[in-house]
Amino acid sequence: MKLEHITKAYADKVIFSDFSLELPKAGAVTLMGPSGCGKTTLLRILCGLETPDNGLVETENAAIAVVFQEPRLLPHKNACDNLRIATGCSEQQACELLQDLGFDPTDCKKYPAELSGGMQQRVSIARALLFGGEIYVLDEAFKGVEETLRKQLIERFKKLSQNALVVQVTHQRDEAELLGGEIITLAADPCRVAQREICG
C-alpha cells in the first residue's frame, strides 16, 4: 500500500501537502498523533472513502475490512443479521463469533438500540473479522470495549497481521504496543510523519 505526493484540503484547511507513505503488504502499523492531525482522513483515503486532490494511492485492489470509530450498524437488523448482511456468513457463524466476543445467545438477537455502545462496537469488530481481507483498517476500534476483551481482540488482530496488513489509529500507547509492528507518529499543519519506530 502506497501513497505518493498526496495533497488534500478542505476549503482553506490543508491536511496533506506532498505527503508520501509506504506500508508493507503484511504486518502491523499504528498511526498516532494529536487530534486533528489527519489520521482519520489518511485512513479514509487508504480505504477509498476520500479522494486526494492530487497524488497517487496504490492499494493493489486489496479487500479492505474497516472498523470505524462509530459502529455504523443497520438499526432495523439485529446483531446477528448485521453480520450476515455485510459478510454473507451463516447465522451459526455470526452467532458463534459474537458469543466468542462476550455475547450471550439472547444478545445476538438484539437490535443496535438495545445494545450498549461497547456491545455495538463489538458487532462492528466482528463484522470486520468475518469480512476478512488483505487489509484491516481500525479507527479507534476498541473504544468502549471492556479491558480484558480489548486486549484479546488486539492480540487477535496481531495474529492476523502475520498474513495481512493491520493499520490502526489510536491515542492509546498501550494499544500500539500490544499490536506491535511499527508506530508512525504524525504531526499536523500540514500532516507529516514526525517519527517512525519499531515496537514489540
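That block above? That's the structure.
Residues numbered from 1 in each chain as written. Predicted model: local features only at pLDDT ≥ 70, side-chain atom pairs only at ≥ 80, totals over all residues. Heavy atoms only, no water.

**So, the packing of aromatic side chains**
Move 1: Scanning the entire structure with this criterion turns up 3 aromatic pairs.
Move 2: With 5.0 Å between their ring centres and 55° between their planes, Phe-16 and Phe-19 make a pair best called tilted.
Move 3: Relative to Phe-157, the ring of Phe-142 lies with its centre 6.1 Å away and its plane at 65°, an arrangement referred to as edge-to-face. On the criterion of sequence distance, the pair formed by Phe-142 in the loop between strand S6 (135–139) and helix H5 (147–160) and Phe-157 in helix H5 is long-range, its members being 15 residues apart. Note on accessibility: Phe-142 and Phe-157 belong to one class, buried. (Phe/Tyr/Trp six-rings, centres within 6.5 Å; stacked < 30°, edge-to-face > 60°. Helix = DSSP H or I, 4+ residues; strand = E, 2+ residues; numbered from the N terminus. Buried < 20%, exposed > 50% of the residue type's maximum accessible area, 1.4 Å probe, protein only.)

**Points about the sheet that holds strand S1 (residues 2–10)**
Move 1: Spatially, 3 strands are ordered S2-S1-S4 in an open sheet, and the strand pairing comes out antiparallel. On the outer flanks of this sheet lie strand S2 (13–22) and strand S4 (54–58), each paired with one strand and no other. Shown here is a sheet whose adjacent strand axes are inclined to one another by a mean of 25°, direction ignored.
Move 2: Sheet topology note: the S1/S4 ladder contains 4 bridges and is antiparallel. Looking across to S4, one finds that Glu-4 is bridged to Leu-56. (Pairing = 2+ DSSP bridges. Axes fitted to C-alpha atoms, helices over the stretch in contact; angles between N-to-C directions.)

**Digging into the nonpolar core**
Move 1: Core analysis: the biggest nonpolar cluster contains 34 residues, and Leu-98, Phe-103, Val-123, Ile-125, Phe-142 and Phe-157 have the highest contact counts within it.
Move 2: Listing elements by their share of this core, those giving two or more residues are strand S5 (64–67), helix H2 (79–87), helix H3 (91–100), helix H4 (117–131), S6 and H5.
Move 3: The element best represented in this core is H4, accounting for 6 residues.
Move 4: What Val-123 contacts, discounting residues up to four positions off in sequence, is Leu-73, Ala-79, Asn-82, Leu-83, Leu-98, Phe-103 and Leu-115. (Core = buried A, V, L, I, M, F, W, Y, C linked by side-chain atoms within 4.5 Å. Contact = heavy atoms within 4.5 Å.)

**Structural notes on H2**
Move 1: Those residues of H2 that sit buried are Ala-79, Cys-80, Asn-82 and Leu-83. Buried residues of H2, viewed axially, fall in a sector of 165°; they line one side.
Move 2: Among the structural elements, H3 and H4 are those in contact with the buried residues of H2.
Move 3: Of the residues flanking the start of H2, the one acting as N-cap is Asn-78, its side-chain oxygen 3.1 Å from the backbone nitrogen of Cys-80.
Move 4: Gly-88 sits one or two positions beyond H2 and adopts a positive phi of about 75°. (Arc of directions from axis to C-beta. Polar contact = N/O pair within 3.5 Å; in protein donor to acceptor, adjacent residues only side chain to side chain.)

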